[in-house]
Amino acid sequence: MAFDESSAVASARVDRIFGSAQYLRLWIAQIFSSGGDWLALFAILITANRVGGGTPEASVAYVMIARFLPGLIFGSAAGVLVDRWDRKRTMVVCDLGRAATLLWLPFVDFVWQLVLASLILEGFALLWAPAKEASVPNLVPREKLTAVNSLSLVAAYGTFPIAAGIFIGLADLANVIDDIGAVDFLRIDTESIAFYLDAASFAVAAAIVSRLALPRGPQSTGAQPDDPTRLWAPEQVFQDLREGWSFIFVNPTVRTVNVALAVGLIGGGMIIPLGPVFAEDVLDVDGGEGFLTFMVALGIGVALGIAGLAARQSQLHKERIFVAAVFGAGICLFVATSMWTLLGSALLVGGLGVCAGTVYVLGITLLQENATEELRARVFAGLFTLVRSSVMLALLLGPALALFLNGLSDKFFDKDVNILGFDVIIPGVRLTLWLAALIMVAAGFLTLVSRRGAKS
C-alpha cells in the first residue's frame, strides 16, 4: 500500500510539473536532441576551420549558410510533409538520420563534405521541430501548455552551457583514447568524440520518442484526392502549402503571434552582431567582455521570464501579456542602449530577456491552442521559416545599417549631441540599436492592431 501511495504521489508530481509522464519522456528526448545539436555545432565549426585550408573563414561561412538556407527555402514544405506523416515516426527517423550523418563526420576531409552533412542535418531538424511542437497538445492538457513550453525552452537553450562544458572536457578524453592503437580507425580527436557522442544522444532520443503514445498515421483530416498518388502531385503539395499559409494569415491569433515574432526579431536580432561594437564604442569597455555580459544578462532574464510564466500559468491572460511583453522588449532595448554604463545596460538587457522569453513561450502556446490538428505542423513550420528569415535579415542588416548611420553621425553630429545639457554619444551603432528598439515597439503596435481587428 505504501508503495502504491508513493507511486501515486510521484505520478501526481510529474503531472503537475510536466503535464503528463508522456511529455516528460518527450522533454528528456528533447534534452538529448538539443544537447546533441549544440555539441555538433561546436564540432562542425572547428572542423570547418581545420579543413578550410587557407580560407577557414570562408569554410565557416559556407557551413553557416548550409545551416540557414534549407529553412528559408524548404521550411514551409517541411510542415506539409509532417502534417501528412506519422509524427512519432517522423521524429524517430529524423533522430536516427542525424545519428547516422554524425557518424560520417569524423571522416570528412573536404569542405564540400561538411557542407553536405550540414544540409542533411538541417533537413532532418526542419522536420523534427514542427513534428515535436505539433505533438505537444496531444500529450498534455490545454491548461498545462504554458508550463511545458517553458520547460521546452529550457531544454532547447539550457543545454548550451552543458554542451559547451562537455566539449571543453573532451580534449583530455581524446588524449587518453588516442594512446589506444586499436581505435586508430575511428580518427579520435576532440571533434570526432563530440560527433560520436552526438550520434549516441540522437539514438537515445529516438528510442525514447518511439515509446510515446502519439496518434498513428497521417495527421491530416482534410479532404484527400481519390487517387492516393495525387497526394504527391505538385499542385496538391502547393495547395496544402497555400492552405497552411492562408490559415496563418486568416486566423487572428496565429497572425498576431507570427507578426510579433517576425518583426520583433528583426529588431531584437541586431543586438547579436552589434553588441560587442556597442560595448566598445559607447560604453568604452572591452567588446568581448561587454558582449559576454550582455549574453549572460539576457540568459538570466529569459530564465526568470519562463520561471514566472510557469509559476503563474493558471492566472495568465496569455494574449494581453504577450502583447505587453512585445512592447516591453522594445522599451528595454531602447533604454539599455541609452545607458552609459555596462551595469545599467546589462540590467536592461536582462529585462529584454524576461520579455523575450515570455513572448516566445506564450507565442508557442497560443499557436498550439489555436492551430487545428490537421494544420498544426504547417503553422509551426511557417513560424520557424519567419523566425529564420528575420534573424538572418537582422544579422545582415544590423552591421550594414550601423556603418551607414555612422557616416551620417560623423557628418551631422560629430558622433555626439547635447541633450538637456548632457553630451550624448550617438555613433552609428547606438542609432541602429535605437532603430531596432523602435522596430520592436512597432511590432507591439502591429500585434495590438491585429488583436483588436480580430475582436471587431
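Residues numbered from 1 in each chain as written. Predicted model: local features only at pLDDT ≥ 70, side-chain atom pairs only at ≥ 80, totals over all residues. Heavy atoms only, no water.

Points about the overall build of the protein chain
Looking only at helices and strands, the protein chain has 16 helices and two strands in total. A burial count over the protein chain gives 49% of its 456 residues as buried. By sequence separation, contacts in the protein chain at least 24 residues apart represent 80% of the contacts at least 6 residues apart. Carbon and sulfur atoms make up 69% of the accessible area of the protein chain, which amounts to about 21000 Å² in all. (Helix = DSSP H or I, 4+ residues; strand = E, 2+ residues; numbered from the N terminus. Buried < 20%, exposed > 50% of the residue type's maximum accessible area, 1.4 Å probe, protein only. Contact = heavy atoms within 4.5 Å. Areas by Shrake-Rupley, 256 points an atom, 1.4 Å probe, with all protein chains shown as cover.)

Some words on empty space enclosed by the protein
Inspection of every chain in the model, using the stated rule, returns two cavities of 30 Å³ or more. Of the pockets and cavities examined, the largest cavity occupies roughly 50 Å³. For the lining of the largest cavity, the elements supplying multiple residues, two or more each, are helix 11 (271–281) and helix 14 (342–370). Counting residues per element, the lining of the largest cavity draws most heavily on helix 11, which supplies three residues. Here the residues of the lining of the largest cavity are counted per class, giving six nonpolar, three polar and no charged. Quantified by volume, the second largest cavity comes out at close to 40 Å³. Together, Ser76, Val80, Leu241, Gly244, Trp245, Ile248, Arg378 and Gly382 line the second largest cavity. Counting only elements with at least two residues in the lining of the second largest cavity, the list comes to helix 3 (56–84), helix 9 (234–250) and helix 15 (376–412). (1 Å grid on protein atoms, 1.4 Å probe; cavity = no way out; pocket = protein on both sides within 12 Å on 5 of 7 lines; lining within 4 Å. Points joined across faces, edges and corners; volume = space filled by probe spheres on them. Nonpolar A, V, L, I, M, F, W, Y, C, P; charged D, E, K, R; others polar.)

Things to note about helix 11
All buried positions along helix 11 are accounted for by Ile271, Leu274, Gly275, Phe278 and Ala279. Each buried residue of helix 11 lies within a common arc of 145° when the element is viewed along its axis, so the set occupies one face. (Arc of directions from axis to C-beta.)

Comments concerning the pattern of salt bridges
For the structure shown, the criterion picks out six salt bridges. Lys132 is the partner of Glu133 in a salt bridge, and the nearest nitrogen-oxygen pair spans 3.3 Å. In terms of burial, Glu133 and Lys132 fall into one category: buried. For Glu369, the salt bridge identified is with Arg142, shortest N-O distance 3.8 Å. With Glu369 in helix 14 and Arg142 in the loop between helix 5 (111–135) and helix 6 (145–157), this residue pair connects regions lying 227 residues apart in the sequence. The class of Glu369 is buried, set by a relative accessible area of 15%. (Salt bridge = Lys/Arg side-chain N within 4 Å of Asp/Glu carboxyl O.)

Quick look at helix 10 (residues 252–268)
With 17 residues, helix 10 ought to run about 24 Å at 1.5 Å a step, and its terminal C-alpha atoms sit 23 Å apart, in line with that. In terms of burial, helix 10 is a largely internal element, twelve of the 17 residues being buried. When helix 10 is considered as a whole, its buried residues turn out to be Thr253, Val254, Thr256, Val257, Asn258, Ala260, Leu261, Ala262, Gly264, Ile266, Gly267 and Gly268. (Expected span 1.5 Å × (residues − 1).)

Comments concerning the confidence of the model for the protein chain
Scored by pLDDT, the protein chain comes out at a mean of 79, with 82% of its residues at no less than 70. The secondary structure element of the protein chain with the lowest average pLDDT is strand 1 (residues 416–419), at 58, and the one with the highest is helix 4 (residues 87–104), at 92. (pLDDT = per-residue confidence, 0-100.)

Description of a negative patch on the surface
Taken together, the side chains of Glu280, Asp281, Asp284, Asp286 and Glu289 present a region of like negative charge at the surface. Mapped onto the fold, Glu280 is located in helix 11. Taking relative accessible area as the criterion, Glu280 reaches 46% and is therefore assigned partly exposed. (Patch = residues over 30% accessible without salt bridge, like charges linked within 9 Å, V, L, I, M, F, W, Y side chains within 5 Å. Lys, Arg positive; Asp, Glu negative; His and termini not counted. Charge placed at Lys NZ, Arg CZ, Asp CG, Glu CD.)

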